[in-house]
Each structure stands twice: as structure tokens, then as C-alpha cells.
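Per-entry structural report
Next come the chains, spelled out residue by residue.
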Amino acid sequence: MPAAASVICGRREPRVPPIRDGEEQLMPGAAAATASAGWERLEPGRPPATAAMLRQALHAGLSGGFRALGRSVAGQPVLFASAPLLLAVLLGASFSRYRVEDDVQALLAPKHSLAKIEGNLVDSLFPLNHSKHALYSDLQTPGRYGRVIVAARRGNLLESPLLDDVLELHRLIYQMRVTAPPSGPSSFNYSFSHLCLPDDKNACIVDDVIRALEEMAAKTDANRSAPAPPLRYPITSLADGRRAYIGHQLGGVQTWPGDGQEVRSARALQLTYYLRARGGPTEGAAAQWEEAFCARLRRFAALHPRLALYPATSASLRADFQFSSVLARGPLLAGLGLCGALAVLCCSMRDCVRSKPWLGVLALLSVALAGLTAAGILNLSGSTYNSTYLGIPFVVLGHGLFGSFEMLSSWRRTREDQHVRERVASVFGDVMPRFTGSTALHLATLGLAASPLTNMEAVRLFCRAAALAVGVSYAYTLSFYSSCLVLTGYLETGYRHGCFCRRVPRRERLDSKPAWYRCLMYTRYQDEAQGASGSPRLPHARTYVRADPPDARPRDSHLLLGCVRRCYADWITNTYVKPFVVLLYLVYVSFGLMGFLQVAQGSDPSALVATDTATVSYARAQQRYFSSYSPVIGFYIYESAPYWNATVQGDLLEYAKGFQRISWLESYLAYLAERNQSAAPPRENFTRTLRLDFLREPRFAHFADDIIFAERGPGEEPDVAASRIFLAAKTTENKRREMSTLLDTLRRLSLTSRVRFLIFNPSFVYLDRYAAAVSSPLRHSLLAVLFLLGVASLAVVEPLVSAWLGLTLLSVQFGVVGFMTLWGVELDCVSVPCLILALGHAADCSAPLLCGFAAGRGEGRTRWVRLALERHGVPSLQAFLCYGAALAPVGSVRSNLTRTLFRCLALTAGCSALHALAFLPALLTFLPPSKSRSRRGEAEDAPRREVECVEMDGAPVVDQITTV
């Protein structure tokens, strides 16, 4: 030591001081290790284990690397702030390539499913044009079409004048014309006859119920004294002798007593008009016809108040699915405004110099820039937008807010007499290891769900976009927000107002100002900057040990921090409160288990569209009037089978037993019985009679579309290569679940049957293995979490921290699944991504608390729980408040999609907050890790006395001792 130097020392009794983050890097040499021992102190006389030494070395290396990064950011704040801003502006210009997804089926149906393969096989065997009039789907049919449900508000729809109104509507639609293109020499007026789907006689395919109603009206007009022949339900006979299934065309049916098939009255009628679109002008004309179709129905409904009309077209589901984005635009902006206002309040303090209100706005700006950059990257890569992306802003917002408030909290714990560069380095070394770990967990869960292993395209695209946004947000937090923190730090060092950036006058000049000005410029920063003891700071002094008591630092008197320190932390760790917290957790688990056992899949596409739309109105009318029978199911025998064999005939009749059916085989066998012929003739006789006699009868001619003949050889009778039968099942209220069960049952039957067959309906692509497809990303994400926590426990983090964090994530996930089921939310392509996000969200708010608690040594559990709440509970509380303010307006959007999104995100935030602020603080006070020290260590520490020294270079000796 130089001769001019002096050493001033003091002695105190042994106790563990509440060492504050960022102080150890200021103490040269061995003093830094002494100061840091308050959080991580090894027992004397016991060499540390190799694994513990490795974890400490890795943690020290990681912390040191982030400290170096913090110094780099603090050295060039303008560069790190302007680069993200410029990149976001440049990529934001790519919105000229913005495109909306048109294929809703590809989004909402499992990507790789057996139903799609079966559909392709059916299309190759039987042209779809000749089966659309029979194969009917609840909500969406392939190709273009216009569909309307006509319901009588009162009375019987089959009686005049309501029946006359229905037939008039049919004629108006049939005569409706559209012009395509709207202008130009190639314009042409298209009517329905030009665009309709033709049958084998080149006539427009019209629903069988229309033919039956027209026949009834014609017979009534011809002979008004005699009643018209009644319809039969669900299968009726037409004038040409053909039997037609009208179960999905006539709804709200009441039958006469007796056989129960003669229709007494009907409340609703469903009409479908199939269009032929072959690309080019015809495609555009078909799209215009659908729009004109809806407009004509609106005008007709206004003129006929006795009828209620519910239209639907091939574009309705797509338009109403994307309409949720339009409805949510205003509430999203309002939520961001509320979040910004609350973030400003959370970053403000009474002290105008230490207050950082602009950091709240800049945190939201960082999130917005990250979202704009991610959207630009997606646009440049050719991705399309869909309404499920509405949840991505909340992913980035939640993750970014946790990181921003943690950085601000750590900044306020640093020493104010340091240089800004060292303070930023301290913040980076304290916060960034945990923030990087939570970001890695987000990326692991979302990245695995975005892999080709995910069979649901909407979930895969959402997770891919969310992972990109989280990665960009992490980079912008390191660069843009950290640079803003550096700039505000220089404002604080320059003794400037935190909001107006104006230099605050000294106290002697401030006393002469008005009261409102003194209130606006209130600060204690100048007095405290001179030294904790009230004396001016000693020049050329190097402080080896310095740690102020928490109550002696008024700059920590943030409103929420004061509430947590003085009220909540003592209350939640109170001996009499902890049993009630445990009881609350048991109630939480009980209700979560109740909902978990009732989880249901949500494969209905109408549950993902805006509420007040044509799709929802149509689906409700469909459920109300047409839930008695399922859509028509095609039963396809795709290989040559011995139909003439009595055993095969018996098997096929047994398979169709219990269904309402339109079967060529059953009609053919009845035809043979009428002619007194054997039902099991030789193959040649069976096929010859079928081709030359049966199919030439007018009443059976329509069965020619259901049979495919294959030539065998010269002079030989053709063989039946493939055929189809149409079935309809009796259903109850939950038709989709019954259809899914029926699909699985018939598929299992096809594996053991002697006849190779498959079943198909266009709605099966939404039902086929939907539960497995929609839940597999969640299972993959849970595996990613377990793997990541296992690696972390071996490398960086304390093993018990990884165990506690894993249990917390599983508990949050369990609660969100259970409570969302009790709240009426099903597993679909919106709720499953939210469940994946719940893992990262819970890690954001729980990991800092657990790490802060596990790092402490030497005092009781309650003491370290309180310190962890003060350090990390306050930033989590601030993030929850701002996140809730941003999410609240979304709950007012009238959309099924946003309703599911709001409920899942609200439950995620609520369950995470309960664990971070209530369950964990109470449980950690009596569960591992232990905070007790061995008796040997206590005995060795008993006579120890810690000495604090301040080295003075070239300064007079002052009678002052630095307080520890």
C-alpha cells in the first residue's frame, strides 16, 4: 500500500446482510467474493462437490459474458437503439406482400389423415359432380355452392301460402343473373342454368325435396278437392318411382301416428344450389353468383317476414373466420393503450429523477417493433395470415414485459454512484441468464410444436410465427430496450427529470419556486448521491464492502415494492395464513381435476368464427332443425366383390342395418324378388340382369352412377369393379361426437370384413383423428420442457430449482386445462397453442422467484421468501397488471375465436399469478431446498468478525466508517 494511503476499518457482529444484486462487481479482489457470499456461501471445512463447482463455474461464465455484452450496449447505445428501429421499418414495408389464407380446410383439418386419402380414392372412382346431390356435409361442401335454410316463424311450411313463398324463392334463385366480368367486351350474363352442376342428362342438379314439393303443388292445383299425397320422412317416393332421401332437406318434422313416416308438418327446409366452376371467367362468375345469392335472400327476407332465412355459401366459412381479425382490431389497439398507460404508472416513482415513465412506453415500443419485424419476415417468406395469429401479440407482450420489468427492478438495486456502464453490466449479469433461459424454453416448446411432427396446420403455423416473434423480441430487448435503459441512466446521472428530461434545480433554488413546481420536481436523489451516511463522497476512494440496509434506502420506495415489502410478504408467509394457502391449492387441484376429466375436442369449424355471422346463424339453425339424422355417408366398395354370393349379400345388408339407406343392392334384390328370380344367380346372370334390365328401368336408372363395370375379356360379361351405397344414421344432439364414433366403428369393421370397403363424407376430414392431431403438439412441448429442465439441472441452474420449476409448469398447465373445460372451452387449434404458451408464461413469472430463493444461504426460509418476493415478485406483479390491461378489451369482441383466446390467456395469466405470488411463497417456507447450516459451520462461524475497510489514496483521514 502506498505510504500516502490510509485504511479505515470497522468491526461488526456476524450476520448475513441482504446483499443487493450488482454490488459484487464493484469490489476488487477478494472483497467481491466476500460480498457475494451472502447469496452463495459454501460451508467452511467442506470442499464443494464437483457438480456444484461446475454449475458455479458455468453460471459465473454466463454471467460474465452477459456483463461484457452489457458494457458493449452501454458503450454504443445509439447504434443498438437505431439498428432495430431501422430494421423494423424496412421489413414493415413488406406488407405489400400481405396475403390472407383462403383454404380454411387446410388450416382446421388434420393435415395427414386417412379421411383425405379416402376422399381422393372416392374422387378417382366416382366423379364428385355426380355425388354432390347425395353426399352432404354439415358446414362445408367441396366446390362452390349456395345453401339456405328456410324456416317458418309460425305454422307449417308445407301449407299454403308458406309453400308458395318457398317455391317462389326457388324460381327467383333459378332466374337470377350475374355479369362477369363486370365490364368489357367479354362480359356475359350468367344465370344459374349456365353455372349449375349438371347431371348425366345435362340438367341442373336440384334437391329432391324441391321436386317432391313441385309435384305436391301440381297435384293440388290439378285437383283441389283431393288432398295432395303426403311426403314420407326421411325417405320419400317421387312421381317417377324413385326413392329419395330428404332427411337433411326437411327439418322440424312431425309425423302422423302409425308407421311414423308420413309427414304431418315441417318447420324448415334446406335448399342447396351447386355451381360448376372450372377456372377463368366461370370461377369469377360463380363467386359473383354467391354474393348475389346472399343479397337476393336478404331482400326476400325483408319482403316475407313470415320466413326466416339462413344462407351459407362456399366462401362463408372463410370470410367469417377471417372476420374475427377485423372485429378485434379496435379492442387490440385499446388494450395496448391501456397497457401503455399502466406500464407508465408501474415505471414511475415519487422521486422525479429515479422515475422512469418513458421506459414503460419504450417497452411496448420494443414489443411492437419485434412484432413488426417478425411480420415482415413472414411476409417476405411467402406466409399467409389467418385469424389464429391474434394471439401472437400477447405472446410477445407477456414475455417482453417480464424481461423489461426485471431489468428495471435490477437497475434500481444497483449502486447509483457507479458509472452507467457498470450499472448496465450489473443488470445484464443479474437478469439475462434467467431471461435467456425462459426464452429458450419458449423457443423449445414453440419450435417443437412448429415442426412437421404437428399434424394440425393452424397450430403449426401459429407456433412457427410465435417462435419467430419471441426470438426477435428477445434480441430487441437486449439491444433496443437496453439502449433505452442506458439513455435514461445518463439522464438520472445528469440529475434530470425522468419525464421531461429537464435538469432539476438544487434545493436552495427549488425552495423559491411555487408549490406545484416543487411537487413536480420532488427528489431526494441529490442528497443520497453524496453518500449513504449523509457525508459527501470521498474522492479517490475504493469501497471494498458496502451494503445498505433495505430500510435505509429511500430510493427503493416504489409503491408496489413498499406494499409487497411492508404488507404482502409478511402476510403471505404468516404462520396462520399458510394453511389457508395450502387449502386453496387443494381446491385449485380439485376443480382442475374435475375439468381435466371432462376435456372434449372441438372439431366444429363454426366454433372459430365471428359470432354475429352467417356461418354461426346457419350452424345454429342446422342444429335446431336438422339434428335428427347425420349427413349422408358414402359406403364405397372399392374392389371387385362376389355380389351374387348370398353370404356377401348378407354381410352388406347387415352392415347397412339400422341406417336409413339408398342402396342399389337392396333395390336390385327386391327387383329380383318381384320377378321371382333367385337372389343368388350365377355371376353372368347376376351382372346381365343388372345391366340390361334393372338399370334401364326409369325408377332405377339413377343407380347407374353408383356402379362401375369393368370389362373382363372378349365375349365375357363385365364385372362390378366398384359400387357405393348411401347411408344416414339417426343422431341426437351431439351429432359430431356420434359421427366420430361411427367413423371409428365402421373403420374397425372394414379391417375384419370379407368385403373391402371404406366410408366417406366431406365432414370426415375435420373429425378424423382430430383429438390426436390437436393434442400431439402439447405432448411434444411437455417433452421439450422436461428435457430442457433436465439439461439445465445438470449445467447451470440448481437441481431443486429445475424440479420446482417443472412441478410449477405442470401444475399451471393442469389448472389451465381443467378450468378452461369448466369455462366451456374445448381443445381446438386456438386453445392448444394457448396451452403451449402457458408453459413459457409460467416459466417467465416463476423462474426468477425460484432462483432468487434457492440462491440464498444462511438464514431462515421465510426471510429468503420475502427477499425473493421483493426482488422478483414486484416485476411479476407489474407484468401481470399490464398484461391484464391489454387482454381485457379482447373479451368484448363478439367472436368465438377471440372468446376462446381470451379465456385461455386469462386463465394462463391467472394460474401463473397464483403460483408465483401465492402458492410458491407459502410452500417454499416449509419445503426444500433447506436454508439451515450445519452445526459445525455455525461453530466455526461463531467467533468470526467481518471487517470493513475503505482505502484512501491521497486524501485526509476522516473519522468515518463505511456501514455494512
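Keep in mind that this is a model prediction, so the values were computed, not measured.

Glancing now at the state of the cysteines. Under the criterion given, the structure shown has one disulfide. Through a disulfide, cysteine 196 is tied to cysteine 204; the S-S separation comes to 1.9 Å. Taking the sign of the torsion about the S-S bond as the criterion, the disulfide between cysteine 196 and cysteine 204, at about -70°, is left-handed. In this structure cysteine 346 is not part of a disulfide, and its nearest cysteine sulfur, from cysteine 882, lies 4.1 Å away.

With that out of the way, let us pick up helix H19 (residues 578-596). Along its 19 residues, H19 runs 26 Å from first to last C-alpha, staying within 8% of the 27 Å computed at 1.5 Å per residue. All of the buried residues in H19 are Lys578, Val581, Tyr588, Gly592 and Gly595. One face of H19 carries all of its buried residues, which in axial projection span an arc of 100°. Buried-residue contacts for H19 involve helix H18 (559-572), helix H27 (799-822) and helix H30 (896-923).

What follows concerns the pattern of salt bridges. Applying the stated criterion across every chain yields a total of 31 salt bridges. Close ionic contact of arginine 434 with aspartate 430 constitutes a salt bridge, the shortest N to O distance being 3.5 Å. Here arginine 434 and its partner aspartate 430 are both found in helix H13 (residues 420-449), four residues apart, which amounts to about one turn of the helix. Neither arginine 434 nor aspartate 430 differs from the other in exposure class; each is buried. Aspartate 719 is the partner of arginine 712 in a salt bridge, and the nearest nitrogen-oxygen pair spans 3.8 Å. According to the relative accessible area criterion, arginine 712 is partly exposed, its value standing at 45%. Where salt bridges share partners, they join Glu406, Arg413, Asp430 and Arg434 into one cluster.

Quick look at the packing of aromatic side chains now. The full count for this structure, using the stated rule, is 33 aromatic pairs. Aromatic side chains tyrosine 174 and phenylalanine 192 sit 5.2 Å apart centroid to centroid with 65° between the ring planes, which places their arrangement in the edge-to-face category. Taken together, the positions of tyrosine 174 in helix H6 (residues 162-175) and phenylalanine 192 in helix H7 (residues 192-195) put the pair 18 residues apart, joining distant regions of the chain. The partly exposed category is assigned to tyrosine 174, whose relative accessible area is 29%. Using a relative accessible area of 0% as the deciding quantity, one classes phenylalanine 192 as buried. Ring centres of tyrosine 668 and phenylalanine 686 lie 5.0 Å apart, and the angle between their planes is 80°; on these two criteria the pair is classed as edge-to-face. Separated by 18 residues along the polypeptide, tyrosine 668 in helix H22 (residues 664-674) and phenylalanine 686 in helix H23 (residues 683-692) bring together distant segments of the chain. This pair shows no difference in class: tyrosine 668 is buried, exactly as phenylalanine 686 is. The structure contains a cluster of three or more aromatic residues connected by ring pairs, namely Tyr668, Tyr671, Phe686, Phe694, Phe700 and Phe703. Its guanidinium or amino end placed over the ring of tyrosine 629, lysine 730 lies 4.7 Å from that ring's centre, counting from NZ or CZ.

Here the focus is the pairing of strand E13 (residues 633-637). For E13, the tally of buried residues reaches five of five residues, placing the bulk of the element in the interior. Bridge analysis of E13 against strand E16 (residues 719-728) gives five bridges, and the strand direction is antiparallel. The residue bridging tyrosine 636 from the neighbouring strand is arginine 724, located in E16. For E13 and strand E17 (residues 757-760), the ladder comprises four bridges, and the chain directions are antiparallel. Across the sheet, isoleucine 637 pairs through a bridge with phenylalanine 757, a residue of E17.

Turning next to the sheet that holds strand E10 (residues 268-274). Overall, antiparallel pairing links the four strands, which are arranged E7-E10-E2-E11 in an open sheet. In this open sheet, the two edge strands, each paired with only one partner strand, are strand E7 (250-251) and strand E11 (307-313). Of the strand pairs in this sheet, strand E2 (residues 145-152) and E10 are connected by seven bridges, and their pairing is antiparallel. Across the sheet, residue valine 148 finds its bridge partner in E10, namely leucine 271.

Right, let's get into the environment of serine 426. Relative to the assigned elements, serine 426 resides in helix H13. Taking the C-alpha atoms as reference, serine 426 lies 10.0 Å from methionine 407; in sequence the two are 19 residues apart.

Another aspect to go through is unusual backbone geometry. Residue proline 161 follows serine 160 across a cis peptide bond; omega there is 10°. Structurally, the position occupied by proline 161 is in the loop between E2 and H6. The peptide bond linking tyrosine 233 to proline 234 adopts the cis configuration, its omega dihedral lying at 10°. Phi angles above zero are rare outside glycine, and asparagine 676 is one such case at about 55°. Here asparagine 676 shows up in the loop between H22 and H23.

Let's shift gears to the environment of aspartate 705. Tracing the backbone through its elements, the reader meets aspartate 705 in the loop between H23 and strand E15 (707-710). Expressed as a C-alpha distance, the spacing of aspartate 705 and aspartate 199, which sit 506 residues apart in the sequence, is 9.9 Å.

Moving on, we come to the packing of helix H14 (residues 457-493) against helix H28 (residues 831-855). The contact between H14 and H28 brings their axes to 9 Å, and the two run at 35°. Where H14 crosses over H28, the handedness of that crossing is right-handed. Counting all contacts with H14, which are made through Val459, Phe462 and Cys463, the residues of H28 involved are Val832, Pro833, Ile836 and Leu837. Partitioning the contact of H14 with H28 into residue classes produces seven nonpolar, no polar and no charged.

Quick look at the side chain of threonine 388 now. With respect to the element layout, threonine 388 can be found in the loop between helix H11 (357-380) and helix H12 (392-413). With near-sequence residues (within four places) excluded, threonine 388 lies in contact with Phe321, Ala458, Phe462, Val830 and Leu897.

With nine of 10 residues buried, E16 lies mostly within the body of the structure. Where strand E14 (residues 660-662) and E16 come together, three bridges link them in antiparallel fashion. Bridge pairing in E16 links arginine 661 to leucine 727. Direction of pairing for E15 relative to E16: antiparallel, over a ladder of four bridges. Note that in E16 the partner of alanine 710 across the bridge is aspartate 719.

This brings us to the packing of H12 against H14. Where H12 meets H14, the axes come as close as 9 Å, and the angle between the chain directions of the two elements is 30°. Judged by the inter-axis angle, H12 sits roughly parallel to H14. Pair H12 / H14 crosses with right-handed handedness. Facing H12, whose interface residues are Ile392, Val395, Val396, His399, Gly400, Ser404, Met407, Leu408 and Trp411, H14 presents Phe462, Ala465, Ala466, Ala469, Val470, Ser473, Thr477, Tyr481, Ser482, Leu485, Gly489 and Glu492. Of the residues that constitute the contact of H12 with H14, the class distribution is 13 nonpolar, seven polar and one charged.

Cut-offs applied
For every chain, the first residue of the written sequence is number 1, and numbering continues from 1 onward in sequence order. Thresholds applied to this predicted model are a pLDDT of at least 70 for local features of residues and 80 or more for the giving and counting of side-chain atom pairs; totals over whole chains, interfaces and linings are not thresholded and use all residues. Hydrogens and water are ignored here; the side-chain numbers use all heavy atoms of the structure. Note on terminology: disulfide denotes any pair of cysteine sulfur atoms within 2.5 Å. A run of H or I in DSSP counts as a helix once it spans at least four residues, and a run of E counts as a strand once it spans at least two, with each numbered from the N terminus. Here the expected length of a helix is defined as 1.5 Å per residue gap, with one fewer gap than residues. In this scheme, a residue with accessible area under 20% of its type's maximum is buried, one over 50% is exposed, and one in between is partly exposed, where area comes from a 1.4 Å probe on protein chains only. The directions from the helix axis to the C-beta atoms are what the arc is built from. Contacts between residues were defined by any pair of non-hydrogen atoms, one from each residue, lying within 4.5 Å. Salt bridge, as applied in this entry: a Lys or Arg side-chain nitrogen positioned within 4 Å of an Asp or Glu carboxyl oxygen. For Phe, Tyr and Trp, where Trp contributes only its six-membered ring, two rings pair if their centres lie within 6.5 Å, and the inter-plane angle classes them as stacked under 30 degrees, edge-to-face over 60, or tilted in between. Comment: the charge-over-ring label is applied if NZ (Lys) or CZ (Arg) is within 6 Å of the ring centre and within 35 degrees of the ring normal. Think of it this way: DSSP has to see at least two bridges between two strands before they count as a pair. Axis definition: a line fitted to C-alpha atoms, limited for helices to the stretch in contact. Angles are taken between N-to-C directions and run from 0 to 180 degrees. What makes a crossing left-handed is the near helix being turned counterclockwise from the far one by less than a right angle; a clockwise turn instead makes it right-handed. All residues other than Ala, Val, Leu, Ile, Met, Phe, Trp, Tyr, Cys, Pro, Asp, Glu, Lys and Arg, Gly among them, are scored as polar; the first ten of these are nonpolar and the last four charged. Our angle categories are set so that under 35 degrees counts as roughly parallel, over 145 as roughly antiparallel, 65 to 115 as roughly perpendicular, and the remainder as oblique.

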